[in-house]
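Structural description and commentary
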Protein chains: 2
Amino acid sequence: MRATIIHGPGDIRVEDRDYPEIVRSTDAVVRVTASCVCGSDLWPYRGVRPTKEPKAIGHEFIGVVESVGADVRDVSVGDFVIAPFVDSCGTCPQCLNGVTVACDHLTGWGSTDEHGHYVQGAQGEAVRVPQADGTLRVVDGVTEPDDALTASLLTLSDVMSTGHHAAVSANVGPGRTVVVVGDGAVGLCGVLAAKRLGAERIIAMSRHEDRQALAREFGATDIVAERGDEGVEMVRELLGGVLADSVLECVGTKESMDQALRSTRPGGNLGFVGVPAGGPELPVGYLFAKNITVGGGMAPAHTYIPELLKDVLDGTINPGLVFDVVMPLGDAAEAYRAMDERRAIKVLLKP
Amino acid sequence: MRATIIHGPGDIRVEDRDYPEIVRSTDAVVRVTASCVCGSDLWPYRGVRPTKEPKAIGHEFIGVVESVGADVRDVSVGDFVIAPFVDSCGTCPQCLNGVTVACDHLTGWGSTDEHGHYVQGAQGEAVRVPQADGTLRVVDGVTEPDDALTASLLTLSDVMSTGHHAAVSANVGPGRTVVVVGDGAVGLCGVLAAKRLGAERIIAMSRHEDRQALAREFGATDIVAERGDEGVEMVRELLGGVLADSVLECVGTKESMDQALRSTRPGGNLGFVGVPAGGPELPVGYLFAKNITVGGGMAPAHTYIPELLKDVLDGTINPGLVFDVVMPLGDAAEAYRAMDERRAIKVLLKP
């Protein structure tokens, strides 16, 4: 089968690999019907994270279950499933607490599981899912989703669940004022999540016209293109002299975290889901002085999918709009280029 | 009148000062019936914070209103009142949000208000309260509290409100498991607050027998004397292999924050109220990886007092037990020595 392999910075190739098979009785094999490129895939692509040897890449996929091991109970052959961006057991204390991303038996896509068996990356034709019952979410009643539904289902694998996690971590709720820092797919999904949770006012910080438009479509009431001091003052002005109750940090850089911290009112909440790019550490004295609560991290997509899926299926939310480009899997290298050069918000790959 | 003045490290004197008078129409003058020494008063006492010139000290007091300005509405002469550890306006956006400690017109005791007028410290015979309506909380139906009630009312000024803030910030609630790092008056009040909020299991980290006993009286189900790796493993063992849902950091040092972070389970909450002693900054990568939410800061005592006061008055909680020593105001220097040498948990001063 074809699979996307990263060989080094800027070097993405679609190569032939063995088709996956059931290895252990708790496995499932899923034929991928759609996967995509994540902002975090650009880190090894840009060389920010080293690639020591050629490695299968991609961690977001949906598809159809082709085979299951003897001990798989909750997933059946023919089921249409969403795979969260990590593989989790479903039975350890962390999974039982709903924090599946801290699973004691966590496995990443495109790596090896705890038994030393190879796990395919998501940007390919098929994947062996090691802990199928603890990982996959079945989409009841769906067998062949159309393009729009395919796109929205795929966002639940990562970006919509992550935007939702940012909003939940920032304590978004009815009547709250919200600032979203970052206008990538996650930031845009954060806007949608904030709207869904009842926020009264949603300010999207964005400098790109296409993303501003989508932010508005997702529920942003205001756009702030300014950054730094100017951005903070714009937020304060828009909110009548006070900063935001809830701020979603959806980038992961020093600048974005600083922008987010400074946009949060005293006693407010900051939810951060941007993978921290080597810091900075959080200024404890500032948090103490302002009584700001900070939470976030990797989104427990497995935990969130059921409630978000319901809203996708009944058409309440349409997060799939973050995919502005669709390409065949064979064009994965071009997909990375388009994302890297910001010609695309997010690229969907069809095997 | 007599007032406690700090002249420099280890140099506490009780001196004569002018009796306070109403300066502005929003002032009240309160005759202090009880004040006390705070763990944070030990910072200038130990020279950790510099004392540039002799300065009135103390920020916790209760007493009787002796006079009020023409525009004071909610406080009357003869009222018995609790003063939170800072003076706040009650009308700015931060106060309206309940975050009185971030008041736009914040004034500290033993300093000058925003109009340049002197404000007495709490460890004296009387204090001018600049923003009386926004600051003081009247204790209805009480005129001359006995010693036990005096002690408990006085804790609402700071330590009990602060312990409660730690518990609230750590998301303590029914069924949650809790670790309290720090066995000073605030940590002990944190135990009591956790119990009051319905925690199922409360582990107090303490190495002092008298404090362990009070922690148990306040609701601790377990005591862990070990620290560092050993302390973390004891917590994990006591909780059946998982770390705590909620951790209260009630010290403010690098070691205590580290202990608190490492005692929190993935997806758990850390509430910190120990004034950060110069760091450390919070490790953002660790918080991200573990999905730990961190909140806290100075407690909005003004906001919390009504609900806590109710429980004090009906005897549900007795936080005044943290005062193990009572001294006359004239012995303030000895009170500081007793606190500094850990011969006392907390000293109450009677003018």
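Residues numbered from 1 in each chain as written. Chains lettered and ligands numbered in written order. Predicted model: local features only at pLDDT ≥ 70, side-chain atom pairs only at ≥ 80, totals over all residues. Heavy atoms only, no water.

This part is about the overall build of chain A. For chain A, the helix and strand inventory stands at 12 helices and 20 strands. Computed over the C-alpha atoms, the radius of gyration of chain A is 20 Å, within 12% of the 20 Å expected from 2.2 N^0.38 for a compact globule of 351 residues. Overall size of chain A, expressed as C-alpha extent along the three principal axes, is 60 × 40 × 40 Å. A total of 351 residues make up chain A; the buried ones form 59% of that total. Taking the intrachain contacts of chain A between residues at least 6 apart in sequence as the baseline, contacts between residues at least 24 apart amount to 66%. When the accessible surface of chain A is split by element, carbon and sulfur atoms take 48% of a total near 13,100 Å². In chain A, 31 positive and 48 negative side-chain charges are present, and the distance between their average locations comes to 4 Å. (Helix = DSSP H or I, 4+ residues; strand = E, 2+ residues; numbered from the N terminus. Rg over C-alpha atoms; globule rule 2.2 N^0.38 Å. Buried < 20%, exposed > 50% of the residue type's maximum accessible area, 1.4 Å probe, protein only. Contact = heavy atoms within 4.5 Å. Areas by Shrake-Rupley, 256 points an atom, 1.4 Å probe, with all protein chains shown as cover. Lys, Arg positive; Asp, Glu negative; His and termini not counted. Charge placed at Lys NZ, Arg CZ, Asp CG, Glu CD.)

The next point concerns the sheet that holds strand β4 (residues 55-56) of chain A. Residue and element names in this part refer to chain A. Here 3 strands make up an open sheet; going across it, the order is β2-β1-β4 and the pairing antiparallel. The open sheet has two free edges, formed respectively by β2 (11-16) and β4, since each of these has just one partner strand. Bridge count for strand β1 (residues 2-8) against β4 is 2 bridges, and the pairing is antiparallel. Pairing of isoleucine 5 across the sheet is with alanine 56, part of β4. (Pairing = 2+ DSSP bridges.)

How big an interface is tends to be stated in terms of accessible area lost as the parts join. Taken together, the contact between chain A and chain B spans 34 residues of the former and 34 residues of the latter. Taken together, the two surfaces of chain A and chain B that pack against each other cover about 2,700 Å², and 66% of this comes from carbon and sulfur. It is Val284, Phe288 and Asn291 of chain A that lose the most area in chain A upon contact with chain B, and together they represent 27% of the buried surface on that side. At the junction of chain A and chain B, the tally comes to 0 salt bridges. At the junction of chain A with chain B, the criterion picks out 8 residue pairs in polar contact (both at pLDDT 80 or more). The residue inventory of the side of chain A that touches chain B, partitioned by class, reads 20 nonpolar, 12 polar and 2 charged. (Buried area = accessible area lost by both parts, 1.4 Å probe. Salt bridge = Lys/Arg side-chain N within 4 Å of Asp/Glu carboxyl O. Polar contact = N/O pair within 3.5 Å; in protein donor to acceptor, adjacent residues only side chain to side chain. Nonpolar A, V, L, I, M, F, W, Y, C, P; charged D, E, K, R; others polar.)

With respect to the element layout, glutamate 209 of chain A can be found in helix α7 (residues 209-218). Residues glutamate 209 of chain A and alanine 225 of chain A, spaced 16 residues apart in sequence, show a C-alpha to C-alpha distance of 9.7 Å.

All names here are of chain B. Position of valine 172 relative to the elements: it lies in the loop between α5 (159-169) and β13 (177-181). Accessibility expressed as a relative area gives 10% for valine 172, which makes it buried. Contact partners of valine 172, with chain neighbours within four places excluded, come to Ala167, Val178, Ala194, Leu197, Ala199, Ser246 and Leu248.

A word on the sheet that holds strand β2 (residues 11-16) of chain B. All names here are of chain B. If you trace the 3 strands from one edge of the open sheet to the other, you get β2-β1-β4, paired in antiparallel fashion. Edge positions in the sheet fall to β2 and β4 (55-56), since each of these pairs with one other strand and no more. Here strand β1 (residues 2-8) runs beside β2; their pairing, made up of 6 bridges, is antiparallel. In the sheet register, arginine 2 faces β2, and the bridge partner there is aspartate 16.

Now for helix α5 (residues 159-169) of chain A. All names here are of chain A. With 10 of 11 residues buried, α5 is to be regarded as a mostly interior element. Within the sequence span of α5, burial applies to Val159, Met160, Ser161, Thr162, Gly163, His164, His165, Ala166, Ala167 and Ser169. Close packing links the buried residues of α5 with α4 (147-156), α6 (185-196), β16 (244-249), β17 (264-272), β18 (293-296) and α11 (301-313). Looking one or two residues beyond α5, the residue adopting positive phi is asparagine 171, at roughly 60°.

Take the domain arrangement of chain A next. All names here are of chain A. By the assigned domains, chain A splits into domain 1 (2-158 + 300-350) and domain 2 (162-296). Between the C-alpha centres of domain 1 and domain 2 the distance comes to 27 Å. Taken together, the contact between domain 1 and domain 2 spans 18 residues of the former and 20 residues of the latter. Roughly 1,600 Å² of surface becomes buried between domain 1 and domain 2 when both sides are summed, with 64% attributable to carbon and sulfur atoms. If you sort the residues of domain 1 by the area they bury against domain 2, Tyr304, Arg342 and Ile345 come out on top, with a joint share of 33%. Here domain 1 is connected to domain 2 by 3 salt bridges. (Domains from an automatic or database assignment.)

Moving on, we come to the relation of the copies chain A and chain B. For the pair of chain copies, the relating operation is a rotation around an axis with a shift along it. Note on the identical chains: chain A maps onto chain B by a rotation of 180° and an axial translation of 0.0 Å, with an RMSD of 0.0 Å. Both copies of the chain, as the preceding transformation shows, are related through a two-fold rotation axis. Of the interface residues in chain A, 100% have counterparts in chain B that sit at the interface too, so the contact is made through matching surfaces. (Least-squares fit on C-alpha atoms with pLDDT ≥ 70 in both.)

Next up on the list: the UniProt feature "domain: Alcohol dehydrogenase-like N-terminal" (unreviewed entry) in chain A. UniProt's feature table lists "domain: Alcohol dehydrogenase-like N-terminal" (unreviewed entry) at residues 26-132 of chain A, given in the numbering used throughout. With 9% helix and 33% strand, the stretch residues 26-132 of chain A has end C-alpha atoms that lie 6 Å from each other. (UniProt positions renumbered as here; feature names shortened; annotations may be inferred.)

Right, let's talk about the state of the cysteines for a bit. All names here are of chain A. In total, this model carries 0 disulfides over all chains according to the counting rule given. Of all cysteine sulfurs, the one in cysteine 103 lies closest to cysteine 89, which takes part in no disulfide; the gap is 3.6 Å. Judged by relative accessible area, cysteine 89 falls into the buried class, the value being 14%. (Disulfide = S-S within 2.5 Å.)

Let's shift gears to the packing of α5 of chain B against helix α11 (residues 301-313) of chain B. Residue and element names in this part refer to chain B. For the pair α5 and α11, the least separation of the axes is 10 Å and the interaxial angle reads 95°. Between α5 and α11, the interaxial angle falls into the category roughly perpendicular. Here Met160, Ser161, His164, His165 and Val168 of α5 lie close against α11, whose contacting residues are Ala301, Tyr304, Ile305, Glu307 and Leu308. (Axes fitted to C-alpha atoms, helices over the stretch in contact; angles between N-to-C directions. Parallel < 35°, antiparallel > 145°, perpendicular 65-115°, else oblique.)

A few words now on the packing of α5 of chain A against α6 of chain A. Residue and element names in this part refer to chain A. One way to put it is that α5 packs onto α6 with a least axis distance of 7 Å and a crossing angle of 60°. Compared by their axis directions, α5 and α6 come out oblique. Crossing angle aside, the handedness with which α5 passes α6 is right-handed. Where α5 approaches α6, its residues Val159, Met160, Thr162, Gly163, His164 and Ala167 are matched on the opposing element by Ala185, Val186, Cys189, Gly190, Leu192, Ala193, Ala194 and Arg196. The residue makeup of the contact of α5 with α6, split by class, is 9 nonpolar, 4 polar and 1 charged. (Left-handed = near helix turned anticlockwise from the far one by under 90°.)

Bridging between strand β19 (residues 325-328) of chain B and strand β20 (residues 347-350) of chain B involves 4 bridges; their strand directions are parallel. Bridged to methionine 327 of chain B within β20 of chain B is leucine 349 of chain B.

Here the focus is the environment of aspartate 229 of chain A. All names here are of chain A. By the secondary structure assignment, aspartate 229 is in helix α8 (residues 228-238). Residue classification places aspartate 229 among the exposed positions, given a relative accessible area of 52%. Separated by 107 residues in the primary sequence, aspartate 229 and alanine 122 place their C-alpha atoms 40 Å from one another.

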